[in-house]
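Geometric and topological summary
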Amino acid sequence: MKQPSALPRRIAYTIDAALALVVVVAVGGNLAAGVWTFVVAIPLWLAWATIAASGLAIALRRHLPLVAYGLGLVSLLPGFLSGNALGPTALLAIGCALYTVALEYPRSRSLITMGLGLAVVVGFELFRLGPNTLASTALAGGGVAGSWALGWMTRQRRANLVQLAETQADQAVSDERLRIAREMHDVVAHSMSLIAVKAAVGNHVAREQPEEAQEALRVIELTSRETLVELRRMLGVLRSGDGTPEAALGPAPKLSDLRTLAERAGQAGVRVELTGELIDDLPEGVALSVYRITQEAVTNVVKHAGPSACRITITEEPGEVSVEIVDDGRGEGSPATVGGHGLIGMRERVAVYGGDFEAGPLPAGGFRVYARLPYAAKEMGAR
C-alpha cells in the first residue's frame with residue numbers, strides 16, 4: 001500500500017538540507033570559536049568529521065535512511081567521548097534517520113534497527129560510567145525509542161488515511177451503481193409495463209377491433225421512443241466525464257411531467273387523478289425523486305391492480321414535499337406480494353433526504369404509497 005507524503009518531496013528535501021546546514025553552522029561555529037572543552041581529548045579533524053557526519057545523516061535521511069542511520073551511529077562515539085554538543089548532535093541525526101526508517105520500512109526491520117541503536121547508545125553510556133549515567137542513558141534511549149514510535153505512528157496514520165480513501169472510493173462507486181440501478185429500474189420497468197399491457201390488449205383485440213389494436217401499437221411506439229430518449233439521457237450522464245456538454249444530456253424529469261405520466265397510465269387502462277400543486281421551484285434532486293417515486297407507484301398499479309383508478313396527491317410545506325399514491329385495488333396482485341425492487345428503490349430515494357416512507361394495503365382494499373422528503377434551505381438557494 002503506497003504511503004501518502006505529508007509534504008511534496010522537493011520541499012521535504014529542502015527542509016532537511018536547511019536543518020543540516022543550521023546544525024553544522026551552529027555546532028561548527030562553537031567548535032571553531034573554541035568555546036568547548038573536551039572531556040576526552042579528540043583530534044580536531046575528528047570533531048569536524050563528527051559534525052559533518054551528523055549533518056550528512058540529517059540531509060540524507062529521506063534518500064538513504066539506513067545509510068543516514070549508520071552515519072549517526074558512527075558519529076555517536078566521538079560525540080559521547082568529547083562530552084560536549086557533539087553527542088546531542090549525533091543523537092539528533094540518529095533520531096531523524098530512525099524516524100524515516102520506521103516510516104518507510106516494515107515493522108520488524110525498523111524494530112531491529114531501533115534495537116541496534118539502543119544497544120549502541122546504552123553501551124556507550126555504560127562505557128563512560130559517571131554520576132549521571134542513569135539519567136543520560138534514559139534520556140538518550142528514550143530519544144531513540146521515541147523517534148521510532150513517532151515514525152511508526154505516522155506510518156500507521158498514513159496507512160489508515162489510504163484505507164479510508166479506498167473505502168470512500170468503493171462506497172462512492174457502490175452508491176453510483178445503486179443510483180444508476182434505481183434510474184434504470186424506474187425508467188425501464190415503467191415503460192416496459194405499459195408496453196406489455198398494450199401489447200396484450202393489441203393481441204387480444206387484433207381481429208375483432210383492429211382500430212383498438214392500432215391504438216395499442218401507437219402507444220407502444222410512443223412509449224418506446226420516450227424510453228429510448230430517457231436511456232440516452234442516462235448514458236449521456238455516464239459519459240459526461242468525457243467532456244460532453246451538460247446541456248446535450250437533456251433535462252431530468254420534473255413534476256410537471258407527471259401529467260404526461262398520468263396520460264400514459266390512462267392509455268394502459270388506469271384512470272389517474274392528479275391533485276395538489278405541481279411545484280416548479282423544488283430542488284432538482286428532490287423533484288426527480290418525487291417523480292421517480294410516483295412513476296414506480298403508478299407502474300405497480302398498472303402491473304398489479306389491473307384496470308383501476310389511482311389518485312396522486314402532492315403537498316408542499318415549508319422545507320418539505322410529500323406525495324401520496326392510492327389505488328382502488330381491483331386487481332389481484334399488489335406490490336407487497338409481488339417480488340421486485342420497486343419499493344426498495346422508493347425507500348432508498350426517501351432515505352437520501354432523511355424523510356418518511358410508507359407503503360401497504362388499505363383496510364378497505366387498494367394500496368397506498370406515501371413519501372415525505374424534507375430538503376435543506378441551502379438546496380433552495382443553490383437553484
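Keep in mind that what you see is a predicted model, and the values were worked out from it rather than measured. (Residues numbered from 1 in each chain as written. Predicted model: local features only at pLDDT ≥ 70, side-chain atom pairs only at ≥ 80, totals over all residues. Heavy atoms only, no water.)

1. Notes on the overall build of the protein
Broken down by element type, the protein carries 12 helices and 5 strands. Every one of the 383 residues in the protein was classed for burial, and the buried ones make up 39%. In the protein, the share of contacts with a sequence separation of at least 24, taken over all contacts with a separation of at least 6, comes to 70%. Here the protein has roughly 20700 Å² of accessible surface; of this, 61% comes from carbon and sulfur atoms. (Helix = DSSP H or I, 4+ residues; strand = E, 2+ residues; numbered from the N terminus. Buried < 20%, exposed > 50% of the residue type's maximum accessible area, 1.4 Å probe, protein only. Contact = heavy atoms within 4.5 Å. Areas by Shrake-Rupley, 256 points an atom, 1.4 Å probe, with all protein chains shown as cover.)

2. A short note on the UniProt feature "transmembrane region" (unreviewed entry) in the protein
The feature "transmembrane region" (unreviewed entry), as given by UniProt, occupies residues 12-29, 35-57, 86-103, 110-127 and 133-153 in the numbering adopted here. Spanning residues 12-29, this segment combines 100% helix with 0% strand, and its end C-alpha atoms are found 25 Å apart. End-to-end, the C-alpha atoms of residues 86-103 are 26 Å apart, and along that stretch the chain is 100% helix and 0% strand. (UniProt positions renumbered as here; feature names shortened; annotations may be inferred.)

3. What to know about the nonpolar core
Core analysis: the biggest nonpolar cluster contains 32 residues, and Val 286, Val 321, Val 323 and Leu 373 have the highest contact counts within it. Here this core gets 9 residues from one element, more than from any other, and that element is helix 10 (residues 284-304). (Core = buried A, V, L, I, M, F, W, Y, C linked by side-chain atoms within 4.5 Å.)

4. Things to note about the packing of helix 1 (residues 9-33) against helix 2 (residues 44-60)
Viewed as axis vectors pointing N to C, helix 1 and helix 2 meet at an angle of 165°, and their least axial separation amounts to 8 Å. Considering the angle they form, helix 1 stands roughly antiparallel to helix 2. Between helix 1 and helix 2 lies a crossing whose hand is right-handed. Between helix 1 and helix 2, the residues in contact are Asp 16, Leu 19, Ala 20, Val 23, Val 24, Val 27, Gly 28, Leu 31 and Ala 32 and Leu 44, Ala 47, Trp 48, Ile 51, Gly 55, Ile 58 and Ala 59, respectively. Residues that form the contact of helix 1 with helix 2 fall into these classes: 13 nonpolar, 2 polar and 1 charged. (Axes fitted to C-alpha atoms, helices over the stretch in contact; angles between N-to-C directions. Parallel < 35°, antiparallel > 145°, perpendicular 65-115°, else oblique. Left-handed = near helix turned anticlockwise from the far one by under 90°. Nonpolar A, V, L, I, M, F, W, Y, C, P; charged D, E, K, R; others polar.)

5. As for the packing of aromatic side chains
Scanning the model with the defined rule gives 1 aromatic pair in all. When the centroid spacing of 6.0 Å and the interplanar angle of 5° are considered together, the rings of Trp 148 and Trp 152 count as stacked. In this pair, Trp 148 and Trp 152 both sit in helix 7 (residues 133-205), 4 residues apart, roughly one turn of the helix. Just as Trp 148 is buried, Trp 152 falls in that class too. (Phe/Tyr/Trp six-rings, centres within 6.5 Å; stacked < 30°, edge-to-face > 60°.)

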